[in-house]
Structure formats: C-alpha cells, structure tokens
Amino acid sequence: MSGIIEKIQRLKNEQNAVILAHNYQPGEIQDLADFTGDSLELSRKAAKCKAEKIVFCGVLFMAETASILSPEKAVLLPEIAAGCPMADMINAEQLTELKNKYPDAVVVCYVNSTAEVKALSNYCCTSSNAIAVVSAIETGRQIIFVPDKNLGAFVKERTGRDIILWPGYCPTHVVSTATEVQSVQRAHPEAITLAHPECCPEVRGCADELLSTSEMLRFAEENDAKEFIIATERGIIHTLKKLCPDKNFYLAAEKFICPNMKKITLEKVLFSLEDNKYVIKVPEEIAEKARLALDRMISILPKG
Ligand code: 13P
Ligand code: SF4
C-alpha cells in the first residue's frame, strides 16, 4: 500500500496538485489528503489554494462546485460514477416549473445539487450555513428550498420563515430510525447525540445538536463530554477518533454508509493523477450563473 501512496505523492508534487477529501471518505483517503473538511470548507479551500490541479475525493456536485469557483484549475474526480442521489432529485426543468408556480419566491439550493440547479438559484447554502443564508433574505419573502426536504424543514423550524420544500432526501441519512438511535442512547446514557440535519424529523428529534460534518468535529473536540453518538455517515468516525483519541464515538445506526463516497479508493486516486481523469468542467454559461449563487452565499459568511 505504501508504494501506491509514494507514487501518488510523487505525481501530486510533479503536477502541482492538491488532494481534497470530504469527511465521509474512507479513512485511508482522508489520511492521504492535503485537506479534509465539509462541503463548504472544501469549496473554499479549492478556490483559495495555489495548486494547478485539484483531485477531489468526494462526489460529483463537490467537484463541480470546485470547478465553478476555480475555473482556471483542473478539477479531477477519481471515480466518475461517484454521484449524489439527492442532488439528482431535482433537475433544471422541475426547478423552472416550481419557480413559475411561485414567481416571487427567492430560490435557495443546497450545495448538494447539480450545476444547472445552482444556475437557476438565487443563493446556494451548505448544511453549516443554511440558517445564516435564509436569515439574510429580506423578511416576508417566500423561499423555495431545494432539494433536501429535511435540511429545508430544519431551517424552516429554526428561522420560522415561509419555505416551500421540495421532496428530495438523502438515501443514506433517511434510513436511520428513532428506534435505532434511542437504543444506542440507552446503551450509552452519558453520551451526547450529534445528528446531521439531513436525518429524518424523528431522528433529528432524538439529537442534542444538529450539525454539519465539520461542526460535529469541532463540537466533539471542544466539548468536555467523553462519549458521543453520531448520526451521520460512518466515514466521519475515523476523523473523530483521530482528533479526540481519548473520547468514544458510537454510530447511531449501522446503515449510515454512503456508497458513492466509498467509491473512491487509493488506486483510483493514483489512476486519476496518472491518466488525468476524470476532468470535471462545468460549461461556462452554466458556471457563470451558478457562481453568482455561490458568491452570494460566501459574501454573507464570516471571512475565513
Ligand atoms: P456537509 O456539508 O455537512 O459536509 O455534508 C455534505 C453531505 O453530503 C451530507 O450528506
Ligand atoms: Fe449525497 Fe447523502 Fe451521500 Fe451526502 S451522504 S453525498 S447527501 S447521498
């Protein structure tokens, strides 16, 4: 295995490339990466870094976002079939129809969406800033939120805003049930439960905190508690354990696994650098409009 890692490091240096990995990636990919993070952190890192090439270890919408924000860089996704089923739950035609039905509404799209959907949206958001983005919209305006009904409902609850939801969902997050989470809670009564807002309402109702993946990492590091129940994709447990070796983490449900995130392997990262594949390039006429939605999101966030 170390032979592969050495080859990757050599090619990476020769090509002035940087490897970014999402918090759900397999442990060995996270360990290899130059930067790990949630969707927002990785898009910002992609935009800021000086590399000529980005190997994006995540799913298609993340690589597309990196390409939109850094059109001058070559963005590679090591496995072209690593998509996000939730992102594909609304397309440009469906969003256009919805916009025609509510012509005065402001459109907010979750970053887990296609570039075409971003191009038709006023604002983009991620799970770590969805509340801030929606709160920044003029009071009284109706808001269309796509594609995740669970993140959308969470934002609606927290902000009290008039939000029209789209019935999209994350197949990985919605499989967990409150019964499963409560059984893990009974086994570890002292533990704090952290859930991703993509979970269904019943699971969100069992959680102590609803957080994005990187917010979970920060929370576990800063909180004095020694035990945490984690209701999100299992890849994050690897980073949590590395970050807090003296604390215990329990997955809230066995089925928390995103098959698409797990399609990236060390071999595929190597092939990606060797054969320059798969290049993710969003056509400029779409990228230009999608960039506006992403820039509006970035402009309302604290600098960082
Ligand atoms: P984060 O933005 O919290 O990393 O989440 C991305 C994602 O795909 C969650 O399923
Ligand atoms: Fe998409 Fe869900 Fe996988 Fe995140 S965990 S990439 S939302 S399918």
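Residues numbered from 1 in each chain as written. Chains lettered and ligands numbered in written order. Predicted model: local features only at pLDDT ≥ 70, side-chain atom pairs only at ≥ 80, totals over all residues. Heavy atoms only, no water.

1. Re the overall build of the chain
Within the chain one finds 15 helices and 12 strands. Here the C-alpha radius of gyration of the chain, 19 Å, is about what a compact globule of 304 residues would show, namely 19 Å. Its C-alpha atoms give the chain principal-axis dimensions of about 55 × 55 × 30 Å. The contacts of the chain with a sequence gap of at least 6 include a subset with a gap of at least 24, amounting to 63%. For the chain, the computed accessible surface area is about 13000 Å², with 52% contributed by carbon and sulfur atoms. One finds the centroid of the 35 positive side-chain charges in the chain at a distance of 2 Å from the centroid of its 41 negative side-chain charges. (Helix = DSSP H or I, 4+ residues; strand = E, 2+ residues; numbered from the N terminus. Rg over C-alpha atoms; globule rule 2.2 N^0.38 Å. Contact = heavy atoms within 4.5 Å. Areas by Shrake-Rupley, 256 points an atom, 1.4 Å probe, with all protein chains shown as cover. Lys, Arg positive; Asp, Glu negative; His and termini not counted. Charge placed at Lys NZ, Arg CZ, Asp CG, Glu CD.)

2. A short note on the site of ligand 2
The local shell around ligand 2 consists of Tyr24, Val59, Cys84, Pro85, Asn112, Cys170, His173, Glu198, Cys258 and Met261. The pocket occupied by ligand 2, as judged from atoms lying within 2 Å of grid points, is the largest pocket. Taken together, the residues that form the shell around ligand 2 break down as seven nonpolar, two polar and one charged. (Near = heavy atom within 4 Å. 1 Å grid on protein atoms, 1.4 Å probe; cavity = no way out; pocket = protein on both sides within 12 Å on 5 of 7 lines; lining within 4 Å. Sits in = over half its atoms within 2 Å of the grid points. Nonpolar A, V, L, I, M, F, W, Y, C, P; charged D, E, K, R; others polar.)

3. Here we look at the site of ligand 1
Every residue close to ligand 1 is listed here: His22, Tyr24, Asp38, Ser39, Asn112, Ser127, His173, His196, Glu198, Ser212 and Thr213. Here an oxygen atom of ligand 1 sits 2.8 Å away from a polar atom, N or O, in the side chain of Ser39. Take Thr213: an N or O atom from its side chain is 2.7 Å from an oxygen atom of ligand 1. Protein burial of ligand 1: of its 300 Å² of free accessible surface, 96% is covered by the chains. When each cavity is represented as a set of grid points, ligand 1 is found to reside in the largest pocket. Tallied by class, the residues present in the shell around ligand 1 amount to one nonpolar, eight polar and two charged. (Polar contact = N/O pair within 3.5 Å; in protein donor to acceptor, adjacent residues only side chain to side chain.)

4. Regarding the packing of helix α12 (residues 213–222) against helix α13 (residues 235–243)
Relative to each other, α12 and α13 sit at 25°, their axes nearing to 10 Å. Put simply, α12 runs roughly parallel to α13. As for how α12 packs across α13, the hand of that crossing is right-handed. In contact with Thr213, Met216, Leu217, Ala220 and Glu221 of α12, α13 contributes Ile236, Thr239, Leu240 and Leu243. In terms of residue class, the contact of α12 with α13 is built from six nonpolar, two polar and one charged. (Axes fitted to C-alpha atoms, helices over the stretch in contact; angles between N-to-C directions. Parallel < 35°, antiparallel > 145°, perpendicular 65-115°, else oblique. Left-handed = near helix turned anticlockwise from the far one by under 90°.)

5. Examining the pattern of salt bridges
As enumerated under the stated definition, the model contains 13 salt bridges in all. Between Arg10 and Glu14 there is a salt bridge, and its shortest N-O distance comes to 3.4 Å. Of this pair, Arg10 and Glu14 both sit in helix α1 (residues 2–14), four residues apart, which is roughly one turn of that helix. A relative accessible area of 44% means that Arg10 is categorised as partly exposed. Between Glu157 and Arg204 there is a salt bridge, and its shortest N-O distance comes to 3.3 Å. Of this pair, Glu157 sits in helix α8 (residues 149–159) while Arg204 sits in helix α11 (residues 201–206), placing them 47 residues apart in sequence. (Salt bridge = Lys/Arg side-chain N within 4 Å of Asp/Glu carboxyl O. Buried < 20%, exposed > 50% of the residue type's maximum accessible area, 1.4 Å probe, protein only.)

6. Points about the nonpolar core
With 115 residues, the main nonpolar core has Ile8, Phe56, Val108, Val146, Phe228, Ile230 and Val269 as its most contacted residues. Ignoring sequence-local partners within four residues, the contact set of Phe56 consists of Leu20, Leu42, Met62, Ala63, Ala66, Val75, Leu76, Leu77 and Pro78. (Core = buried A, V, L, I, M, F, W, Y, C linked by side-chain atoms within 4.5 Å.)

7. Brief notes about the side chain of Lys12
Along the chain, Lys12 falls in helix α1. If we ignore the near neighbours within four places in the chain, the residues touching Lys12 are Ala17, Ile19, Asp34 and Leu273.

8. Here's the deal with the layout of surface pockets
Approximately 270 Å³ is the volume attributed to the largest pocket. The wall of the largest pocket is formed by 25 residues, among which Tyr24, Cys84, Asn112, Cys170 and Glu198 lie closest to the centre. Of all the secondary structure elements, the ones that give two or more residues to the lining of the largest pocket are α4 (60–69) and α9 (171–174). Here the lining of the largest pocket takes three residues from α9, the largest share from any one element. (Points joined across faces, edges and corners; volume = space filled by probe spheres on them.)

9. Description of helix α10 (residues 178–187)
Within α10, burial applies to Ala178, Val181 and Val184. Down the axis of α10, the smallest arc covering the buried residues is 130°, so these residues share one side. Exposed side of α10, more than 90 degrees from the buried face: Thr179, Arg186 and Ala187 are the residues found there. As for α10, its buried residues are in contact with β9 (192–195), α11, β11 (227–231) and β12 (248–251). (Arc of directions from axis to C-beta.)

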